[in-house]
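Single-letter residue listing:
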Amino acid sequence: MVQEERTVHRAVAAASVGNVAEWYDFGIYSYLAAVVLERVFFPGLGDWGAVYTLGAFAAAFIMRPLGGFVFGRIGDKFGRTKTLSATILLMAVATVLLGLVPSYGTSGLLAPLLVLLIRMLQGFSAGGEYTGALTLIAEYAPDRRRGFFGSWLEFSTLTGYALGASTCGAVIALLPDEDLVAWGWRVPFMLALPLGLVGIYLRIRLEDTPAFRQLMERSPALATMSTRRAVQIVLRHYRTPALVATGVIVAWNVTNYVLTNYVPTYLTGTLPRFGEGGTSSAVATGLQVAVMLVMLCAIVGVGRLSDRIGRKPVLMTGSVSLVLLGLPAVWLLRTGMAGLIAGLLIIGLCLMCFAAVSPSTLPALFPTVIRYSSLAVIFNLSVSLFAGTAPTIIEAAVTATGNLDWPGYYLIGAGVIGIVATHFLREHAGKPLDGAAPLSSSAELPPPPLSEDGVPLEQPR
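All values reported here derive from a predicted model rather than from experimental measurement.

Reading guide: rules and limits
- Residues numbered from 1 in each chain as written.
- Predicted model: local features only at pLDDT ≥ 70, side-chain atom pairs only at ≥ 80, totals over all residues.
- Heavy atoms only, no water.
- Helix = DSSP H or I, 4+ residues; strand = E, 2+ residues; numbered from the N terminus.
- Rg over C-alpha atoms; globule rule 2.2 N^0.38 Å.
- Contact = heavy atoms within 4.5 Å.
- Core = buried A, V, L, I, M, F, W, Y, C linked by side-chain atoms within 4.5 Å.
- Buried < 20%, exposed > 50% of the residue type's maximum accessible area, 1.4 Å probe, protein only.
- Expected span 1.5 Å × (residues − 1).
- Arc of directions from axis to C-beta.
- Patch = residues over 30% accessible without salt bridge, like charges linked within 9 Å, V, L, I, M, F, W, Y side chains within 5 Å.
- Areas by Shrake-Rupley, 256 points an atom, 1.4 Å probe, with all protein chains shown as cover.
- Salt bridge = Lys/Arg side-chain N within 4 Å of Asp/Glu carboxyl O.
- Disulfide = S-S within 2.5 Å.
- Phe/Tyr/Trp six-rings, centres within 6.5 Å; stacked < 30°, edge-to-face > 60°.
- Axes fitted to C-alpha atoms, helices over the stretch in contact; angles between N-to-C directions.
- Parallel < 35°, antiparallel > 145°, perpendicular 65-115°, else oblique.
- Nonpolar A, V, L, I, M, F, W, Y, C, P; charged D, E, K, R; others polar.
- Polar contact = N/O pair within 3.5 Å; in protein donor to acceptor, adjacent residues only side chain to side chain.

S.K.: Sorry, what's going on with the overall build of the protein here?
M.R.: Each helix and strand counted, the protein has 18 helices and two strands in total. In terms of C-alpha radius of gyration, the protein reaches 22 Å, essentially the compact-globule figure of 23 Å for 461 residues. For the protein, the spread of C-alpha atoms along the three principal axes comes to 80 × 55 × 45 Å. Residue pairs at least 24 apart in sequence account for 85% of intrachain contacts in the protein once pairs closer than 6 positions are excluded.

Below, the structure written as structure tokens:
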């Protein structure tokens, strides 16, 4: 099957721009947590204020598996694009509502309860968003360039996080502390609405993926397949791929949430409490954005490289690096500015090895008929149980034991899991997706023959 190159680009743009909005919305809470949200919603709790604030962040992950289950089944029955339009709309509305919640001083216990509920609504949306976007790009991408196009999804995720960090950093730097606490923290949440509307516009104009259209043309009755039957297919025929996917997801996302969600709290709140130097929120945010920019410059190239050498070598490099360098990277965070930069770069480059190739690796493990729902449930259960809870567990462990090395222990554990999963991974680079015809794009076709005058001919003479 041949897909127009222009259509492939439109699909990647629709998934990626929407993904920017989704993860901007989801991530800004963590960037403001230690700086201002702890004082707005959880005042007077002392050292445990950060734990409760991060606990509200982790509450979103309780709902992610449910969101993945619901949106995954809808996506496998009715198509990818309609489902993804719904997820981004839900996330934008929830984020705006979060920016409208009154403070603890105004409404008492109602404030943290509303934060908790809205974070759970965000988690429900996120449960269907990422794996849907991942499935959309994988099913549109030509087989020989799936790594390259898939890496753009993580490019957009990092862009969303970096945009959120930059927006929060600008608000923190430009506003006096009293204005920041009074109203300034709400500004980043309000910006979610225009970002979400752009993503929705791009997605509703896109037709469904070639793989899904093939499935519906070949077996339209599969749209009525029961959830029980879908679960049976996974358990009977795809148990090993499900376990491999779980391992890759855990290694990837533990690293991601340690870097993007816990490190800001670690640098600005945890280290100063234990007498270490730490750093200001503006510096921590600026350095984190800089590391993300480095990753943005390289991630698409790594994705393209995986189309040539395969996904397994890249994933194994990231996993082994976490085991060897995870703890030294955390030590470096406590050794001054040069060490801080080096530590953040080490964690960021390890993360990039997973982020560049996982979007093209995971969809290839499952067939079209259950791809969205299988990935959504496995991805969100793995993230919710092991990755999204990591910032809260690490902070609680550090607070309870006084040991500042806990982030490094978590990174080492993630690396071990990644090594085992990658060992059992079957290489899929350059191969068609399970349940779909081989796919190429019009840009990969040989050029048409030319006449003596240089005019393209439809048929060779």
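S.K.: I'm lost on the side chain of E139 in this one. Help?
M.R.: Topologically, E139 is positioned in helix 5 (residues 110-140). Sequence-distant contacts of E139, defined by excluding residues within four places in its chain, comprise R80, T209, P210, A211, F212, T368, R371, L433 and L439.

S.K.: For this particular structure, what's the right way to read the nonpolar core?
M.R.: The tendency in soluble globular proteins is for nonpolar side chains to be buried side by side. Formed by 129 residues in total, the largest nonpolar core has its most connected members in F26, Y29, F41, Y257 and L362. When residues of this core are assigned to their parent elements, the largest contribution, 18 residues, is made by helix 1 (residues 5-41). Once you skip the residues sitting within four places of it in the chain, L362 turns out to touch L134, A245, V248, I249, W252, L375 and F379.

S.K.: It is not clear to me how helix 18 (residues 406-424) should be interpreted in this structure. Could you clarify?
M.R.: For the α-helix, the turn length of 3.6 residues means that residues three or four positions removed from each other point alike. Between its first and last C-alpha, helix 18 extends 28 Å over 19 residues, near the 27 Å set by a 1.5 Å rise per residue. Within the sequence span of helix 18, burial applies to P407, G408, Y410, L411, A414, G415, G418, A421 and T422. On an axial view of helix 18, the arc spanned by its buried residues comes to 150°, and they lie on one face. Exposed positions of helix 18 whose direction lies more than 90 degrees from the buried face are H423 and F424.

S.K.: Hey, could you run me through a nonpolar patch on the surface in this one?
M.R.: On the surface, L89, V93, L97, L100 and M190 cluster together into a nonpolar patch covering about 420 Å² of accessible area. Per-element tally for the nonpolar patch: the top contributor is helix 3 (residues 80-99), with three residues. One can find L100 in the loop between helix 3 and helix 4 (104-107).

S.K.: Whenever I open this one, the pattern of salt bridges confuses me. Can you help?
M.R.: Pairs can form between side chains of opposite charge once their charged atoms are near each other. Applying the stated rule across the entire model yields 10 salt bridges. Its salt-bridge partner being D143, residue R146 comes within 2.5 Å of it at the nearest N-O pair. Assigned by exposure class, R146 and D143 land together as buried. Linking R213 and E207 is a salt bridge whose minimum nitrogen-to-oxygen distance equals 3.6 Å. Since its relative accessible area comes to 22%, R213 is described here as partly exposed. Among the charged side chains, a salt-bridge network with shared partners connects D76, R80, E139 and R371.

S.K.: Looking at this model, I keep getting lost on the environment of I394. Mind explaining?
M.R.: Positionally, I394 belongs in helix 17 (residues 390-401). Here the alpha-carbon distance between I394 and D405, two residues 11 residues apart in the chain, equals 9.3 Å. Leaving out residues up to four positions away in the same chain, I394 has contacts with V258, Y262, W406, P407 and Y410.

S.K.: Would you explain the state of the cysteines in this entry?
M.R.: Here, disulfide denotes a covalent bond that connects the sulfur atoms of two cysteines. Throughout the structure, instances matching the rule amount to zero disulfides. The thiol of C353 is not disulfide-bonded; the next cysteine sulfur, from C350, is found 6.6 Å away. For C353, a relative accessible area of 14% translates into the label buried.

S.K.: I tried to follow the environment of R186 on my own but got confused; where do I start?
M.R.: Along the chain, R186 falls in helix 8 (residues 186-190). Apart from the residues lying within four places of it in its own chain, the contact partners of R186 are G99, L100, V101, P102 and S103.

S.K.: Mind showing me how you'd approach the packing of aromatic side chains here?
M.R.: The geometry of an aromatic ring pair is captured by two quantities: the separation of the ring centres and the angle between the planes. On inspection of all chains with the given rule, the structure shows 12 aromatic pairs. Ring centres of W252 and F379 lie 5.9 Å apart, and the angle between their planes is 80°; this geometry places the pair in the edge-to-face category. On the criterion of sequence distance, the pair formed by W252 in helix 12 (residues 239-273) and F379 in helix 16 (residues 371-387) is long-range, its members being 127 residues apart. By the burial criterion, W252 is buried, and F379 matches it. Grouping aromatic residues by their ring pairs yields a cluster made of F148, F149, W152 and F155.

S.K.: Got a minute to help me understand the packing of helix 6 (residues 146-174) against helix 13 (residues 281-309) in this structure?
M.R.: When two helices pack together, their arrangement is captured by the angle between the axes and the distance separating the axes. Running from amino to carboxyl end, helix 6 crosses helix 13 at an angle of 170°, the nearest separation of the two axes being 9 Å. Classified by the interaxial angle, the pair formed by helix 6 and helix 13 is roughly antiparallel. For the contact of helix 6 with helix 13, a count of residues per class yields 14 nonpolar, nine polar and four charged.

S.K.: Could you clarify how one ought to interpret the side chain of S374 in this entry?
M.R.: One can find S374 in helix 16. Here I370 takes part through its backbone oxygen, which lies 2.7 Å from a polar atom of the side chain of S374. Other than its neighbours up to four places away in sequence, S374 contacts V234 and F366.

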